[in-house]
Amino acid sequence: MSTPVEGTENNPLLKDFYFPPFDSIKASHVLPGIRALLKQLECELEELESTVEPTWPKLVEPLERIVDRLAVVWGAVSHLKSVKDDPELRSAIEEVQPEKVAFQLKLGQSKAIYNAFKAIKESPDWDTLSDAKKRIVESQIKDAVLIGIALEDDKREQFNKIEQELAKLSQKFGENVLDATKKFEKLVTDKKDVEGLPATALGLAAQTAVSKGHENATAENGPWMITLDAPSFMAVMQHAKNRTLREEVYRAFVSRASSGDLDNTPLIDQILKLRLEKAKLLGYNNYAEVSMATKMATVEKAEELLEKLRSASWNPAVQDMEDLKYFSKSQGVPEADNLSHWDISFWSERLRESKYEINEEDLRPYFSFPKVMDGLFSLANKLFGINIEPADGLAPVWNSDVRFYRVNDSSGSPIAFFYFDPYSRPSEKRGGAWMDEVVGRSRVLSQDGSSARLPVAHMVCNQMPPVGDKPSLMTFREVETVFHEFGHALQHMLTKQDEGLVAGIRNVEWDAVELPSQFMENWCYHRDTLMSIGKHYETGESIPDEIYQKLLAARTFRAGSLSLRQIKFATLDLELHTKYLPGGSESIYDVDRRVSKRTQILPPLPEDRFLCSFSHIFAGGYAAGYYSYKWAEVLSADAFSAFEDAGLDDDKAVKETGQRFRETVLALGGGKAPLEVFVEFRGREPSPEPLLRHNGLLQVAASL
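The name an unreviewed UniProt entry gives the protein chain is oligopeptidase A, with Forsythia ovata as the organism. Per UniProt, the protein chain has the following entry under Sequence similarities (unreviewed entry): "Belongs to the peptidase M3 family." For the record of the protein chain, the UniProt heading Catalytic activity (unreviewed entry) holds the text "Hydrolysis of oligopeptides, with broad specificity. Gly or Ala commonly occur as P1 or P1' residues, but more distant residues are also important, as is shown by the fact that Z-Gly-Pro-Gly-|-Gly-Pro-Ala is cleaved, but not Z-(Gly)(5)."

Below, the structure is given as structure tokens:
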């Protein structure tokens, strides 16, 4: 009898689970668990290759089982790294990642599987296949080509080396950003240095100070610990009256991970060099062309959209800057004629307060986490006919703050589940907000042998944790973020696709994937929705109508500047992946400066190294794809305009339109080309007009 490998007999990663055992997975389980899993999957792959036939049961179903098992188990481990990072987990993942990448390459480059898919495509039965099945076959063939299936042996070896190296570099890039963010700590002891900071920020800064060993710290008397974590950084930039403090924190922020042993500069150069080599091996001119092979857009179309939006945003952004100068001058400050980067957020907030009498901080009491979630869930019920109920305790969680929910359809049957991890934990959790899948909907992986396995999602945010006995009080921006991530989760959870390889967000083109998330954000400005979430956490009174009117007016405040900022990121990303030559005469920072001339009113500081923390494109999936945010904003604004056309106050029309959105955008997932899905919902192709209108940039664009 063979004895189990050391560390595998009670390894939670190898158990048969539906909800991952997040509370019992330890760093020590990762190496033996993933290795044993890969060994088992290698056997399954060999079995599949030797018995494969160009039919669904002999090809797609066994393939889906392999792909899914790896995605679920690796997904659980890498999720823990994002929300509960520690050195042991880090090094275990680092050690086993090359083996996991090697297996994925072997799977992706399987000639037997590739030829079987080609045989299905060329068979006389091709036309009888459903849209979803055709999409699976076509995307498998395309993915195989993009993962080097057609390369000769020595070139394939070179390609595989590049893939391994890129996976390592991305991992290291993200770790450097996290470590550099963590490294900056500024202890403030003098009360006048924190003047202007709102009570919530002072509470958080004192709480952070306590956790760093200053056990007597209080919000009232300090000391206060300032960090580069978003809730702390943003509070300082927007509210700290001490200009020197703002400058110090800003300079630290834009130079994160750009020096010493955490310097990401050489990593970026290496990543760009390898991506270009990979593109050339595959027969493309540059990496952007590789990226666009699986997108709705092309390089030209993306550049064209960015330029259209840039020219509509430039003059309004120039005007925004003039407004700030004029306003700060009226306040009699000496720096008015020479505003710098660390003044922009501060004076923008003061101008917003004076113009709309809205202070983001004053609104926090109206947006308590429990009420916001209640309002969001009742909107989901109205639009899509679903009921969401707490199901805490049903699934293991990784932190006691994590909530767990069940999603039921109108008849009360469960259709999905999701976890929500809302609060910032800078010592172990990466910044930002994201949604990811835990398991996808699938007929093949049915739990009971008859009905499809139900999808499970994660939502993760980084809002301010509850302080003392107060609930988490959110800024309006944090409310928008929750709506955004919930939009992603809905597309994963409300899918009607039973083919696991195209269910939910799987196989949705990257530049269409932000459509449902950005679509949901629009509802934050809808009066009834806002009134249902905006209830004072102590008195229960709704947000006053005049505040709602001001929020609406403030929606287009600095829209030109905000739009330009996204366009800068997107343009820089495309530029680095099309025209930039690694090792050439121009450095990455020269490219940044060049792009900034057309996309930034205030030139970046000489030491600005924002690229060193641009994780989206160097440690995330947005390489030569950051434009997707704008591309999808066009789609989502246009989708929302269908509700405007139907009449936002007409409940019946809203429900009908919501049902149509559910049956198309949310239900069809990756089983149909996104343009066809959009046209099926909207009745026509997308137009950028609603986006410019929502941003108040239309009249400007019209006069260009």
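S.K.: Can you walk me through the environment of Ser615 in this structure?
M.R.: Mapping Ser615 onto the fold places it in helix α22 (residues 615–618). The exposure class of Ser615 is partly exposed, given its relative accessible area of 25%. The spatial distance from the C-alpha of Ser615 to the C-alpha of Phe173 is 7.4 Å, given a sequence separation of 442 residues. Apart from the residues within four sequence positions on either side, Ser615 is in contact with Phe173, Val177 and Gly620.

S.K.: Could you clarify how one ought to interpret the packing of aromatic side chains in this entry?
M.R.: Aromatic ring pairs are defined here through the distance separating the ring centres and the angle between the ring planes. By the definition in use, this model includes 44 aromatic pairs. With 5.2 Å between their ring centres and 85 degrees between their planes, Phe19 and Phe417 make a pair best called edge-to-face. Separated by 398 residues along the polypeptide, Phe19 in the segment before α1 (27–51) and Phe417 in strand β5 (residues 414–423) bring together distant segments of the chain. A relative accessible area of 16% places Phe19 in the buried class. Judged by its relative accessible area of 8%, Phe417 is buried. Measuring from centroid to centroid gives 6.4 Å for Phe643 and Phe681, while their planes differ by 35 degrees, and the two rings are tilted. One end of the pair, Phe643, is in helix α23 (residues 628–646); the other, Phe681, is in helix α25 (residues 674–682), and 38 residues separate them in sequence. Over the face of the ring belonging to Phe346 we find Arg350, whose NZ or CZ atom lies 4.6 Å from the ring centre.

S.K.: Honestly, the UniProt feature "domain: Peptidase M3A/M3B catalytic" (unreviewed entry) in the protein chain in this entry has me stumped. Any pointers?
M.R.: As annotated by UniProt and renumbered to match this structure, "domain: Peptidase M3A/M3B catalytic" (unreviewed entry) occupies residues 236–696. In residues 236–696, helix accounts for 51% and strand for 7%; the two terminal C-alpha atoms are 29 Å from one another.

S.K.: Hey, could you run me through the sheet that holds strand β3 (residues 387–390) in this one?
M.R.: Ordered by their spatial adjacency, five strands build an open sheet running β3-β4-β5-β7-β6, and the pairing between neighbours is mixed. Looking at which strands have only one partner, the edges of the open sheet turn out to be β3 and β6 (434–439). Going across the sheet, the axis of each strand differs from the next one's by a mean of 25 degrees, ignoring polarity. Direction of pairing for β6 relative to strand β7 (residues 456–463): antiparallel, over a ladder of five bridges.

Conventions and cut-offs
Residues numbered from 1 in each chain as written. Predicted model: local features only at pLDDT ≥ 70, side-chain atom pairs only at ≥ 80, totals over all residues. Heavy atoms only, no water. UniProt positions renumbered as here; feature names shortened; annotations may be inferred. Helix = DSSP H or I, 4+ residues; strand = E, 2+ residues; numbered from the N terminus. Buried < 20%, exposed > 50% of the residue type's maximum accessible area, 1.4 Å probe, protein only. Contact = heavy atoms within 4.5 Å. Phe/Tyr/Trp six-rings, centres within 6.5 Å; stacked < 30°, edge-to-face > 60°. Lys NZ or Arg CZ within 6 Å of the ring centre and 35° of its normal. Pairing = 2+ DSSP bridges. Axes fitted to C-alpha atoms, helices over the stretch in contact; angles between N-to-C directions.

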